[in-house]
Amino acid sequence: MKIRGAVLSSRGSEPPYVNSLPLAIEELELDAPGETEVLVRIEAAGICHSDLSVVDGSRERPLPMLLGHEAAGIVVGLGGPASSVEIGRRVVASFLPRCGVCSACRTGGRLPCIPGSAANTEGALLAGGRRLHLHGVPVAHHLGVSGFATHAVMDIRSVVPVGDDIPPDIAAVLGCAVLTGGGAVLNVGRPERGQTVAIVGLGGVGMAALLVAMSIEGITVVGVDSNPDKVARALALGATRSMTADEALEGGFSAAVVVECAGAARAFETAVCITAPGGRTVSIGLPAPTAEVRFSPLRLVAEAREIVGSYLGSAIPSRDIPFYESLWRAGRLPVEDLITSHIPLSEINRGLDALASGDVLRQIVEFPGVAA
Ligand SMILES: [Zn+2]
Ligand SMILES: [Zn+2]
């Protein structure tokens, strides 16, 4: 079938992207879903820093690629007879498929699925190969999702069904920002009652981590960022306290659990510095592969610290997304506070500029009124 989607054909475009136009809205050919796959009519897709990292070249991915990895939509076609989702169901895309049987999948979410990661690196779906073509040339899938499009074929292990009452924009954000940020707090940081959790780096994922931390009773939640506007926004969202990185470092602030979401070496160092003795530093940002950090191994030993990395919040999407869905439904996880605007697909390059400026959290690309 013919679809419309945002395709990246070369990396390293210079901002402003509204002039260099790295993403072209193309008409592509989408194959029918394979045996383990579903056809999804995309309703909403969030623009995330990991999209920007592919555009600016800091994450190298095969090109051409149809971007977008945080999406929600309605299942409109099934590739196989035995499917865990039915036609008409709203699903959240999860950007790391879990095969469920490899050795990594048996670590309870701690390690990324081995064939899932390999497929993501290749720009293929979990069953292998590409379902997208542009002028006869295969186009890579972005993390098994490719959500900046009217439709997508995804592996059934890349989607999680949610209730019809979850609006599509909220559902989309559950799949990356909330799953990653929330998982870093709940699955890895695991704060105990009475402890302080600090979130370093208050972009979309960081703010999602902040909201999830706030949903835990008896926890003090502190936002930390180098940008004073983001510090103020964390307070507005309901953080107990919020401060700049310099204020945290100079003021001797410390927290039992510190989650670094910025993806920059400097932020990682700040996060380690402000972790209390005996505490845990969780890193989920994705810095450039060349980034290096300095910290004292003596402090690691003498202060019995833990420093732990986590991909996708060490989440098991089929378990964690329904949990966040129920928190949202109970009014304890105001995901709408993360959404700063809704834009049409045609404005996506402008959306990349807004994200790069740091002025927005989540911008949602909407696909209204597209017929199945
Ligand atoms: Zn993302
Ligand atoms: Zn696996």
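Anyway, here's the lowdown on the structure attached to this text. (Residues numbered from 1 in each chain as written. Chains lettered and ligands numbered in written order. Predicted model: local features only at pLDDT ≥ 70, side-chain atom pairs only at ≥ 80, totals over all residues. Heavy atoms only, no water.)

1. As for the overall build of the protein
Each helix and strand in the protein was counted, giving 11 helices and 18 strands. Once the C-alpha set of the protein is aligned to its principal axes, its extents read approximately 60 × 45 × 35 Å. Across the protein, every contact between residues at least 6 apart in sequence was considered, and the portion connecting residues at least 24 apart equals 71%. Element-wise, carbon and sulfur atoms account for 53% of the exposed surface of the protein, whose accessible area totals about 14600 Å². (Helix = DSSP H or I, 4+ residues; strand = E, 2+ residues; numbered from the N terminus. Contact = heavy atoms within 4.5 Å. Areas by Shrake-Rupley, 256 points an atom, 1.4 Å probe, with all protein chains shown as cover.)

2. Thoughts on the sheet that holds strand 12 (residues 220-225)
As summarised here, the arrangement of the six strands in space is 13-12-11-14-15-16, forming an open sheet in which the pairing is parallel. Each edge of the open sheet carries a strand with a single partner, namely strand 13 (241-244) and strand 16 (306-309). Across the sheet, the mean angle separating the axes of adjacent strands is 20° when strand polarity is ignored. Relative to strand 12, strand 11 (residues 196-200) runs parallel, the two being bridged by five bridges. In the strand pairing of strand 12, Ala198 is matched with Val222. (Pairing = 2+ DSSP bridges. Axes fitted to C-alpha atoms, helices over the stretch in contact; angles between N-to-C directions.)

3. Section: the environment of Leu63
Within the element layout of this structure, Leu63 appears in the loop between helix 2 (49-55) and strand 4 (65-66). With a relative accessible area of 24%, Leu63 lands in the partly exposed category. It is 6.8 Å that separates the C-alpha atoms of Leu63 and Ser10, two residues lying 53 residues apart in sequence. Leu63 has contacts with Leu8, Ser9, Ser10 and Arg11, leaving out every residue within four places of it along the chain. (Buried < 20%, exposed > 50% of the residue type's maximum accessible area, 1.4 Å probe, protein only.)

4. Observations concerning the nonpolar core
Core analysis: the biggest nonpolar cluster contains 102 residues, and Phe148 and Val178 have the highest contact counts within it. Examining the composition of this core, we find that 12 residues originate from one element, helix 4 (residues 168-189), more than from any other. Mapped onto the domain boundaries, this core takes at least three residues apiece from domain 1 (2-164 + 334-366) and domain 2 (181-308). If you look at the next biggest cluster of nonpolar residues, it comprises 13 residues, including Ala198, Val224, Phe253 and Ala255. (Core = buried A, V, L, I, M, F, W, Y, C linked by side-chain atoms within 4.5 Å. Domains from an automatic or database assignment.)

5. Details of the coordination of the zinc ion (ligand 2)
Working reference: metal with six octahedral donors, ideal angles 90 or 180 degrees; metal with four tetrahedral donors, ideal angle 109.5 degrees. For the zinc ion (ligand 2), the full set of protein donor atoms is Cys99 (SG), Cys102 (SG), Cys105 (SG) and Cys113 (SG), at a range of 2.3 to 2.4 Å. Around the zinc ion (ligand 2), the four donor atoms are arranged such that angles at the metal cover 104 to 119°; this shape is classified as tetrahedral. Donor residues for the zinc ion (ligand 2), ordered by position in the chain, follow C-x2-C-x2-C-x7-C. Of this pair, Cys102 sits in the loop between strand 6 (90-93) and helix 3 (114-122) while Cys113 sits in the loop between strand 6 and helix 3, and the two are 11 residues apart along the sequence. (Donors = N, O, S within 2.8 Å, 3.2 Å for Na, K, Ca; no water. Tetrahedral: all angles 85-135°; square planar, octahedral: opposite > 155°, others 65-115°.)

6. Some details on the pairing of strand 3 (residues 37-47)
By the criterion of burial, strand 3 is predominantly enclosed, with 11 of the 11 residues buried. The pairing of strand 3 with strand 9 (residues 151-155) spans five bridges and is classified as antiparallel. Each bridged residue has a counterpart across the sheet, and for Leu39 the counterpart in strand 9 is Val153. With eight bridges connecting them, strand 3 and strand 5 (residues 70-78) associate as antiparallel partners. Note on strand 5: the bridge partner recorded for Leu39 is Gly77. Looking at chain direction, strand 3 and strand 18 (residues 362-366) are connected through four bridges and run antiparallel. Residue pairing for strand 18: Gly46 is matched across the bridge by Ile364.

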